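The chain contents come next:
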Amino acid sequence: LGTYDVVISNSLGSVTSILASLTFASRPLLLAPQTTNGTFGFTLSGDPGFNYAIEATTNYLTWTNLAVLTNATGEVPFSDTNIIPFRYRAYRARLIP
């Protein structure tokens, strides 16, 4: 976390980049899984101020984007109403830059 610059130099001289800010986000957690009346849900827990893509898979090779969640408070609920056709389904949250 902080502000950084880069100095590049060679035999002809040097140049300094503009300042860049570096921020780290902790890994999101998917908490409190629940199934109710054909709906699966969980709570995404992570750093406030970041956006996350919620993705699902049935084979761990192909992931389908289900939603984008904006985490304003640190925890965001998510519900998947399309679970009936799937024998099983895995979920992940991916930070969106």
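Before reading on, note that the structure itself is shown above.
Remember, predicted model here, so these are calculated numbers, not experimental data.

Novice: Just to check I follow, could you spell out unusual backbone geometry for this structure?
Specialist: Excluding glycine, most residues fall at negative phi; most peptide bonds, likewise, are trans. The phi angle at Ala-32 is positive, at roughly 55 degrees, despite the residue not being glycine. Of the residues examined, Ala-32 reaches a relative accessible area of 45% and is grouped as partly exposed.

Novice: What exactly am I supposed to notice about a nonpolar patch on the surface here?
Specialist: On the surface, Tyr-4, Leu-22 and Phe-24 cluster together to form a nonpolar patch covering roughly 340 Å² of accessible area. Positionally, Leu-22 belongs in strand E4 (residues 20–22).

Novice: I would appreciate a short explanation of the sheet that holds strand E9 (residues 75–80) in the present structure.
Specialist: To summarise the sheet geometry, strands pair through backbone hydrogen bonds and adopt either a parallel or an antiparallel arrangement. Read from one edge to the other, the open sheet built from three strands follows the order E5-E6-E9, with strand pairing classed as antiparallel. Here the strands that pair on one side only, and so sit at the sheet edges, are strand E5 (29–36) and E9. Looking at each pair of strands side by side, their axes are set apart by 20 degrees on average, direction ignored. Pairing between E5 and strand E6 (residues 39–45): six bridges, direction antiparallel. Paired with Thr-35 across the two strands is Phe-40, which belongs to E6.

Novice: What am I meant to see in the packing of aromatic side chains here?
Specialist: Two descriptors summarise a pair of aromatic rings, namely the distance from one centre to the other and the angle between the planes of the rings. Going through the model one piece at a time under the given rule, you end up with five aromatic pairs. For the pair Phe-40 and Tyr-91, a centre-to-centre distance of 4.9 Å together with 20 degrees between the ring planes defines the contact as stacked. Of this pair, Phe-40 sits in strand E6 while Tyr-91 sits in strand E10 (residues 90–96), placing them 51 residues apart in sequence. In this structure, Phe-40 and Tyr-91 share a single accessibility class: buried.

Rules behind the numbers
- Residues numbered from 1 in each chain as written.
- Predicted model: local features only at pLDDT ≥ 70, side-chain atom pairs only at ≥ 80, totals over all residues.
- Heavy atoms only, no water.
- Buried < 20%, exposed > 50% of the residue type's maximum accessible area, 1.4 Å probe, protein only.
- Patch = residues over 30% accessible without salt bridge, like charges linked within 9 Å, V, L, I, M, F, W, Y side chains within 5 Å.
- Areas by Shrake-Rupley, 256 points an atom, 1.4 Å probe, with all protein chains shown as cover.
- Salt bridge = Lys/Arg side-chain N within 4 Å of Asp/Glu carboxyl O.
- Helix = DSSP H or I, 4+ residues; strand = E, 2+ residues; numbered from the N terminus.
- Pairing = 2+ DSSP bridges.
- Axes fitted to C-alpha atoms, helices over the stretch in contact; angles between N-to-C directions.
- Phe/Tyr/Trp six-rings, centres within 6.5 Å; stacked < 30°, edge-to-face > 60°.

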